[in-house]
Amino acid sequence: MTRARLVAVAQLRLFLRSRLAVVALVLLGMLSAIAAVTGAAQADRIAGERRTAQAAAEAAFQAQPDRHPHRMVHYGTYALRPLGPLAAFDPGVDAFAGSLVYLEGHRQNAATLGAARESSGLIRFGLLTPAFVLRVLVPLLLVFVGFAMIVGERQAGLVTLQISHGVGWRAYLGGKALALGAVAGLAAVPGLLALGWAAARDPADAGPALAIALSSLLWLTIWVLGITLVSARARTAQSALLALVLAWAVLVVLVPRAAAGTAALLYPLPTKAETDLSIHDELRRIGDSHNPDDPHFAAFKARLLRHYGVTRVEDLPFNYRGALSAEGERLTSQLFAAHAADMAGIQLAQQRLVGFAGLASPAIGFAQASMAGAATDLGSHLAFLEAAETHRYQLIQSLNRLHTHAVRAEDDAARSRDPLAEQRSRVAARFWAEQKPFTFQGPTASDRVAAMLPGLGVMLLWAALLAVLLFRQRPL
Amino acid sequence: MTRMLLREWRLLSGASRAALLGLACLAAVAVALGLAAVSATRADIARVVGLEAKETAAVEGFAQGAAGSFGYYRHYPVWRAPGDLGFLAPSRGDAVPEVQRIRMLALEAQINDNESANPELLLAGRFDFAFVLLYMAPLVLIALLHDLWSAEREAGRLGALQSLPHADRRLWTPRATLRFAGVALALLIPLVVGAAVEGTAPGRLIGAVGLVLASLAFWAALSLLVARSEAASATQAAILAGLWFAIALVIPAAAHLAINRAVPLPDAAELIRENREEVHAGWDRPKAETMQRFVARYPDFADRADVGTGFHWKWYFAFQHLGDLHVAAQSAARDAGIARREGLAQALGWALPPLKLTQALQGMAGSDVRAELAFRERVRAFHAEIRTYHYPFLFDDRPMTAAEVAAAPSFGAPPAS
């Protein structure tokens with residue numbers, strides 16, 4: 001071990017003397033700092049804007065004057081996806097997933113907005129975030145710094161010299177890996193500081209933040225082992241560099257995209273337009289509220305009349321129009337839920353396929369783990385959409401209950417002709433303030449850490465494999 | 001020349017041949033995926049147009065000719081049909097829908113809807129021809145060209161080779177040409193095959209080929225420039241890979257941050273909320289006031305703007321439109337801000353030729369931000385067409401005949417799938 005340390009110290013001195021390594025490290029440090037500072041500022045700004053918008057939506061809803069409840073069904077409200085503190089480290093899908101959903105009766109609206117729709121085409125080149133720096137930039141920096149560390153010495157005849165002086169091949173390899181690992185640790189500092197800073201703002205996020213830090217270090221360990229291995233096996237420094245740059249391009253750039261492209265092809269998602277049309281079509285077959293003779297609604301009416309022992313809806317002890325609205329909402333929402341589950345199922349299948357591709361490229365495992373930990377992955381977004389739909393349904397049905405029980409049927413029927421009946425059909429404003437506001441906590445810290453496990457597992461597998469390959473080979 | 005090129009091909013190492021073959025495979029897969037994506041998009045559009053026709057027939061069933069009901073319930077599909085070069089950079093699965101349904105209600109509440117895409121796939125980025133051209137091809141070119149001279153120097157042959165008569169013409173030019181041509185063919189053969197499948201217009205195909213060649217020429221020139229230096233082959237490779245890294249990854253990502261910071265946009269959530277507030281305030285505002293503001297815009301209907309105390313569709317659609325007008329300035333400022341951001345990105349392209357050429361290729365494929373903004377403009381114009389088609393029926397209290405329902409504006413002929 002002491003011998004390995006001596007090798008490492010000597011190698012670090014060489015790194016310090018190499019202008020290329022120092023310049024690259026300084027440049028990377030600057031980029032990391034920019035990414036960390038802008039990442040924190042941006043996440044702060046976005047989270048603040050969403051909080052403000054959510055509060056404004058609730059305030060506007062609660063401030064509505066006396067109204068007919070069905071007006072409120074159409075007035076609706078908004079759900080905004082909150083952004084957790086760790087998004088400063090990895091904003092994940094935030095830019096590409098709509099962040100605002102308009103919640104109203106009869107309809108399940110699409111999520112809207114998102115940075116991807118308001119940026120130049122450069123957004124397709126990648127977002128400079130601390131997670132991006134660690135996943136994409138740092139490994140290539142390590143390649144540039146470390147590719148020649150063994151093969152260069154061999155070409156100069158120095159390896160045999162050191163071995164023959166009793167360093168020992170494994171200690172030699174270990175020392176080199178240790179030195180490169182020190183560089184990796186140094187390069188990771190700004191990103192990890194950003195992570196720590198983000199986690200410090202909410203102690204509940206400490207667990208996932210720690211898991212993200214671990215997975216970052218594991219990811220860089222893979223590169224340290226891989227670079228040491230290639231540098232030990234390559235015939236020339238040039239071929240080591242080419243092999244490593246190629247490996248980086250394939251693992252970090254190519255495979256994640258190819259996996260995403262394949263997933264999109266194998267599990268095609270229907271368009272939102274087509275889903276909406278299918279829902280309309282299915283709805284007409286279940287019960288067409290526009291058709292006065294529709295069998296479903298006729299049966300619904302007959303059931304109510306029988307249950308209350310009356311022959312006309314006017315004799316029901318409540319407002320039939322409200323009950324009809326609630327029944328219509330129940331039917332449409334059933335279909336919304338079924339189709340949303342289908343869509344989520346397809347997207348999760350796509351995500352699983354990409355996850356399997358992580359066996360071929362641990363970059364995918366790292367990306368999925370860090371997004372899951374930061375609650376900025378697909379799962380968190382789907383959970384938000386589901387929470388928004390649940391809130392929509394509860395809000396609308398609570399308004400429909402007011403319509404059924406707080407608006408007299410005679411007033412309701414006469415309100416478009418008779419201004420006085422219209423006045424009487426309004427419900428007191430205090431009911432709007434009683435509606436529960438939309439809240440979304442996101443997945444719990446332990447769920448997030450659990451969601452990171454597959455990615456962590458794949459990285460661990462890679463690290464173990466590379467360590468075995470590295471230390472079991474013999475000197476060339 | 002052919003003889004010299006053949007000789008250079010025989011001298012090419014196995015690894016280099018594998019790299020060329022690998023690149024050709026990547027380009028072929030990218031083109032195949034692109035072709036599948038554009039044909040799936042066309043099929044999506046055709047299906048939605050077909051289903052919408054069924055839906056319209058159902059609306060006809062209960063609307064009984066009432067123009068107001070048509071205005072409220074009837075939706076019109078709008079779409080971005082992929083062009084004949086769409087397969088090079090398809091936009092399927094983008095946040096901006098490729099096919100969308102629009103109705104006569106306030107447009108601001110509709111035009112920002114996202115496609116229900118998988119955001120993780122969007123984040124990963126596209127595997128398309130533009131990607132292969134920008135990221136993969138330069139690496140292969142760099143690998144093939146960076147040590148053109150240094151490899152021979154390090155093998156101790158450079159002096160002898162340079163002393164051959166006409167070494168440039170007989171040796172280096174054919175060698176560099178073969179390697180460049182190999183990379184170019186690896187990309188262009190799949191491109192031309194894809195264009196043949198799509199029936200791309202010859203002029204546009206030539207344009208795309210020109211962009212590909214220009215992009216490769218940039219990297220080849222840069223590689224040869226560095227290869228000419230006296231440095232060791234490993235250093236040359238490191239310099240070129242570093243330049244590639246900066247041009248293709250770091251500078252665009254950093255510029256994205258800077259541009260978004262430099263050009264702030266009006267708050268979209270606020271815009272959407274204000275639009276809704278204005279529309280819903282229409283219910284409570286005196287009807288005469290609403291109609292007065294509306295006919296100020298549409299004076300042709302001034303003599304028919306009277307509404308009684310009850311509900312009337314012309315009043316309903318008047319306040320819907322007033323809601324759009326209320327935020328029109330903010331909305332235009334937002335679109336202008338996005339266009340300005342894209343303009344700055346395009347300006348950056350002049351400093352980074354590979355970026356410019358990729359942007360140009362995405363432009364030709366019709367999947368850049370300018371195409372998205374142009375689509376929004378078309379949707380706005382189409383929405384105005386729908387409104388103005390319905391207004392006379394609403395203001396004249398005239399029912400729509402089946403022929404008039406059928407004669408409503410359409411976004412155009414859907415693409416053949």
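Residues numbered from 1 in each chain as written. Chains lettered and ligands numbered in written order. Predicted model: local features only at pLDDT ≥ 70, side-chain atom pairs only at ≥ 80, totals over all residues. Heavy atoms only, no water.

## Structural notes on the interface of chain A and chain B
Turning to step 1, where the next piece is worked out: Listed by partner, the interface residues are 89 residues for chain A and 94 residues for chain B.
Turning to step 2, where the next piece is worked out: Taking both partners together, chain A and chain B bury about 7,700 Å²; carbon and sulfur atoms supply 64% of that area.
Turning to step 3, where the next piece is worked out: On the surface where chain A and chain B come into contact, there are six salt bridges.
Turning to step 4, where the next piece is worked out: Residue Asp284(B) pairs with Arg67(A) through a salt bridge whose shortest N-O separation is 2.9 Å.
Turning to step 5, where the next piece is worked out: At the boundary of chain A with chain B, the tally comes to 29 residue pairs in polar contact (both at pLDDT 80 or more).
Turning to step 6, where the next piece is worked out: Residue contributions to the side of chain A that touches chain B peak at 17 residues, all from helix H9 (residues 237-266) of chain A.
Turning to step 7, where the next piece is worked out: The class makeup of the residues in the side of chain A that touches chain B is 51 nonpolar, 24 polar and 14 charged. (Contact = heavy atoms within 4.5 Å. Buried area = accessible area lost by both parts, 1.4 Å probe. Salt bridge = Lys/Arg side-chain N within 4 Å of Asp/Glu carboxyl O. Polar contact = N/O pair within 3.5 Å; in protein donor to acceptor, adjacent residues only side chain to side chain. Helix = DSSP H or I, 4+ residues; strand = E, 2+ residues; numbered from the N terminus. Nonpolar A, V, L, I, M, F, W, Y, C, P; charged D, E, K, R; others polar.)

## Here's the deal with the packing of helix H5 (residues 129-145) of chain B against helix H8 (residues 167-198) of chain B
Residues and elements named next belong to chain B.
Turning to step 1, where the next piece is worked out: Between H5 and H8, whose axes approach to 10 Å, the crossing angle comes to 160°. Relative to H8, the element H5 lies roughly antiparallel. The hand of the H5/H8 crossing is right-handed. In this structure, H5 uses Phe129, Val132, Leu133, Ala137, Val140, Leu141, Leu144 and Leu145 to contact H8, whose residues at the interface are Ala176, Arg179, Phe180, Val183, Leu187 and Leu191.
Turning to step 2, where the next piece is worked out: Each residue belonging to the contact of H5 with H8 can be placed in one class, and the counts come to 13 nonpolar, no polar and one charged. (Axes fitted to C-alpha atoms, helices over the stretch in contact; angles between N-to-C directions. Parallel < 35°, antiparallel > 145°, perpendicular 65-115°, else oblique. Left-handed = near helix turned anticlockwise from the far one by under 90°.)

## Some thoughts on the pairing of strand E2 (residues 99-102) of chain B
All names here are of chain B.
Turning to step 1, where the next piece is worked out: Neither face of E2 is left uncovered, since the one carrying Val99 and Arg101 and the one carrying Gln100 and Ile102 both have all their residues buried.
Turning to step 2, where the next piece is worked out: Here strand E1 (residues 76-79) pairs with E2 via four bridges, running antiparallel. Looking at the pairing, Val78 lines up with Gln100 of E2. (Buried < 20%, exposed > 50% of the residue type's maximum accessible area, 1.4 Å probe, protein only. Pairing = 2+ DSSP bridges.)

## Structural notes on the pairing of strand E1 (residues 77-80) of chain A
Regular strands place side chains that alternate from one sheet face to the opposite one.
Residue and element names in this part refer to chain A.
Turning to step 1, where the next piece is worked out: Taking every second residue as pointing to the same face, both faces of E1 are buried, with Thr77 and Ala79 on one and Tyr78 and Leu80 on the other.
Turning to step 2, where the next piece is worked out: Two strands pair when backbone bridges link them, and E1 and strand E2 (residues 100-104) are joined in this way by four bridges, in the antiparallel orientation. What sits directly across from Leu80, in E2, is Leu100.

## Things to note about empty space enclosed by the protein
Turning to step 1, where the next piece is worked out: Applying the stated criterion across every chain, the model contains seven cavities of 30 Å³ or more.
Turning to step 2, where the next piece is worked out: For the largest cavity, the calculated volume is near 80 Å³.
Turning to step 3, where the next piece is worked out: If you trace the largest cavity, you find it lined by Ala116(A), Arg117(A), Ser119(A), Val96(B), Ile338(B), Val369(B), Glu372(B), Leu373(B) and Arg376(B).
Turning to step 4, where the next piece is worked out: Considering every element that reaches the lining of the largest cavity, the biggest residue donor is helix H16 (residues 369-395) of chain B, with four residues.
Turning to step 5, where the next piece is worked out: A class-by-class count of the residues in the lining of the largest cavity yields five nonpolar, one polar and three charged. (1 Å grid on protein atoms, 1.4 Å probe; cavity = no way out; pocket = protein on both sides within 12 Å on 5 of 7 lines; lining within 4 Å. Points joined across faces, edges and corners; volume = space filled by probe spheres on them.)

## Focus: the packing of aromatic side chains
Turning to step 1, where the next piece is worked out: One pass over the structure, following the stated rule, counts 44 aromatic pairs over all chains.
Turning to step 2, where the next piece is worked out: Geometrically, the ring pair formed by Trp248(A) and Phe245(B) is edge-to-face, given 5.8 Å between the ring centres and 80° between the ring planes. Taken as a pair, Trp248(A) in helix H9 and Phe245(B) in helix H10 (residues 233-262) lie in two separate chains rather than in one. Pair check on accessibility: Trp248(A) and Phe245(B) agree, each one buried.
Turning to step 3, where the next piece is worked out: Among the aromatic residues, ring-to-ring pairing joins Phe62(B), Tyr72(B), Tyr73(B), Trp283(B), Phe311(B), Trp313(B), Trp315(B), Tyr316(B), Phe317(B) and Phe319(B) into one connected group.
Turning to step 4, where the next piece is worked out: Positioned over the ring face of Tyr72(B) is Arg103(B), at 4.9 Å from the centre of the ring.
Turning to step 5, where the next piece is worked out: A cation sits over an aromatic face here: Lys287(B) above Trp315(B), 4.5 Å from the ring centre. (Phe/Tyr/Trp six-rings, centres within 6.5 Å; stacked < 30°, edge-to-face > 60°. Lys NZ or Arg CZ within 6 Å of the ring centre and 35° of its normal.)

## A short note on the nonpolar core
Turning to step 1, where the next piece is worked out: Counting residues in hydrophobic clusters, the biggest one holds 167 residues, and the most contacted among them are Leu137(A), Leu142(A), Trp248(A), Val132(B), Tyr135(B), Met136(B) and Leu187(B).
Turning to step 2, where the next piece is worked out: Setting aside residues up to four positions removed in sequence, Trp248(A) forms contacts with Val136(A), Pro139(A), Leu140(A), Trp223(A), Val253(A), Trp244(B), Phe245(B) and Leu249(B).
Turning to step 3, where the next piece is worked out: Counting residues in hydrophobic clusters, the runner-up holds 46 residues, among them Val48(B), Ala67(B), Tyr316(B) and Phe393(B). (Core = buried A, V, L, I, M, F, W, Y, C linked by side-chain atoms within 4.5 Å.)

## Observations concerning the pattern of salt bridges
Turning to step 1, where the next piece is worked out: Within the structure shown, the criterion is met by 46 salt bridges over all chains.
Turning to step 2, where the next piece is worked out: Of the charged contacts, one joins Arg334(B) and Glu118(A) as a salt bridge, the two residues approaching to 2.7 Å between their closest N and O atoms. Residue Arg334(B) is located in helix H14 (residues 328-351), and its partner Glu118(A) is located in the loop between strand E3 (107-112) and helix H4 (130-146); the two belong to separate chains.
Turning to step 3, where the next piece is worked out: The class for Arg334(B) is buried, based on a relative accessible area of 8%.
Turning to step 4, where the next piece is worked out: Notably, a salt bridge pairs Arg153(B) with Glu230(B), separated by 4.0 Å at the nearest N-O pair. Separated by 77 residues along the polypeptide, Arg153(B) in helix H6 (residues 150-154) and Glu230(B) in the loop between helix H9 (202-227) and H10 bring together distant segments of the chain.

## A short note on the side chain of Ser99(A)
Residue and element names in this part refer to chain A.
Turning to step 1, where the next piece is worked out: Residue placement: Ser99 occurs in the loop between E1 and E2.
Turning to step 2, where the next piece is worked out: By relative accessible area, which is 6% here, Ser99 ends up buried.
Turning to step 3, where the next piece is worked out: Not counting chain neighbours up to four residues away, the residues in contact with Ser99 comprise Arg50, Ala79, Leu80, Arg81, Thr112, Leu113, Gly114 and Phe384.

## Quick look at the sheet that holds E2(A)
All names here are of chain A.
Turning to step 1, where the next piece is worked out: An order of E1-E2-E3 is seen for the three strands of this open sheet, with the pairing classed as antiparallel. What marks the edges here is a single partner per strand, and that holds for E1 and E3. With strand direction ignored, the average angle separating the axes of adjacent strands in the sheet is 25°.

## A word on the environment of Arg71(A)
Turning to step 1, where the next piece is worked out: The residue Arg71(A) is located in helix H3 (residues 69-75) in this model.
Turning to step 2, where the next piece is worked out: When its relative accessible area of 15% is taken as the criterion, Arg71(A) is described as buried.
Turning to step 3, where the next piece is worked out: Separated by 328 residues in the primary sequence, Arg71(A) and Leu399(A) place their C-alpha atoms 9.5 Å from one another.
Turning to step 4, where the next piece is worked out: Setting aside residues no more than four positions away along its own chain, Arg71(A) makes contact with His280(B), Trp283(B) and Asp284(B).

## Side note on the packing of helix H8 (residues 206-233) of chain A against helix H13 (residues 362-373) of chain A
Describing two packed helices takes the angle between their axes plus the distance from one axis to the other.
All names here are of chain A.
Turning to step 1, where the next piece is worked out: H13 packs onto H8 with a crossing angle of 165° between their chain directions and a minimal axis gap of 9 Å. Here H8 is positioned roughly antiparallel relative to H13, judged by the angle of their axes. The two elements H8 and H13 meet at a crossing, and its hand is left-handed. Contacts from Pro208, Ile212, Ser215, Ser216, Trp219 and Ile222 of H8 reach H13 at Pro362, Ala363, Phe366, Ser370 and Gly373.
Turning to step 2, where the next piece is worked out: Looking at the contact of H8 with H13 residue by residue, the classes come out as seven nonpolar, four polar and no charged.

## Brief notes about H9(A)
Turning to step 1, where the next piece is worked out: Here H9(A) spans 41 Å end to end across 30 residues, near enough to the 44 Å set by a 1.5 Å rise per residue.
Turning to step 2, where the next piece is worked out: At Leu254(A), H9(A) shows its largest bend, some 40°, and a proline, Pro256(A), comes one to four positions later. (Expected span 1.5 Å × (residues − 1). Bend = angle between axes of the 7 residues up to and from the residue.)

## Considering a nonpolar patch on the surface
Residue and element names in this part refer to chain A.
Turning to step 1, where the next piece is worked out: On the surface, a nonpolar cluster with roughly 560 Å² of combined accessible area is contributed by Leu16, Val22, Val23, Val26, Leu27 and Met30.
Turning to step 2, where the next piece is worked out: Counting residues per element, the nonpolar patch draws most heavily on helix H2 (residues 19-62), at five residues.
Turning to step 3, where the next piece is worked out: If you trace the backbone, Val26 turns up in helix H2. (Patch = residues over 30% accessible without salt bridge, like charges linked within 9 Å, V, L, I, M, F, W, Y side chains within 5 Å. Areas by Shrake-Rupley, 256 points an atom, 1.4 Å probe, with all protein chains shown as cover.)

## With respect to the environment of Leu195(A)
Residues and elements named next belong to chain A.
Turning to step 1, where the next piece is worked out: Within the secondary structure layout, Leu195 lies in helix H7 (residues 169-200).
Turning to step 2, where the next piece is worked out: You can call Leu195 buried: its relative accessible area is 3%.
Turning to step 3, where the next piece is worked out: Not counting the four nearest positions on each side in its chain, Leu195 is found in contact with Leu86, Phe89, Ala209, Ile212 and Ala213.

## What to know about the confidence of the model for chain B
Turning to step 1, where the next piece is worked out: Summing up the model confidence of chain B, the mean pLDDT is 93 and the portion of residues at 70 or higher is 100%.
Turning to step 2, where the next piece is worked out: Predicted complex, confidence summary: ipTM 0.92, pTM 0.93. (pLDDT = per-residue confidence, 0-100.)

## Remarks on the environment of Leu224(B)
All names here are of chain B.
Turning to step 1, where the next piece is worked out: Within the fold, Leu224 resides in helix H9.
Turning to step 2, where the next piece is worked out: Judged by relative accessible area, Leu224 falls into the partly exposed class, the value being 25%.
Turning to step 3, where the next piece is worked out: Taking the C-alpha atoms as reference points, Leu224 and His146, 78 residues apart in sequence, are found 6.5 Å from one another.

## What to know about the side chain of His381(A)
Turning to step 1, where the next piece is worked out: Mapping His381(A) onto the fold places it in helix H14 (residues 378-406).
Turning to step 2, where the next piece is worked out: Not counting the four nearest positions on each side in its chain, His381(A) is found in contact with Arg81(A), Val93(A), Ala97(A), Gly98(A) and Pro119(B).

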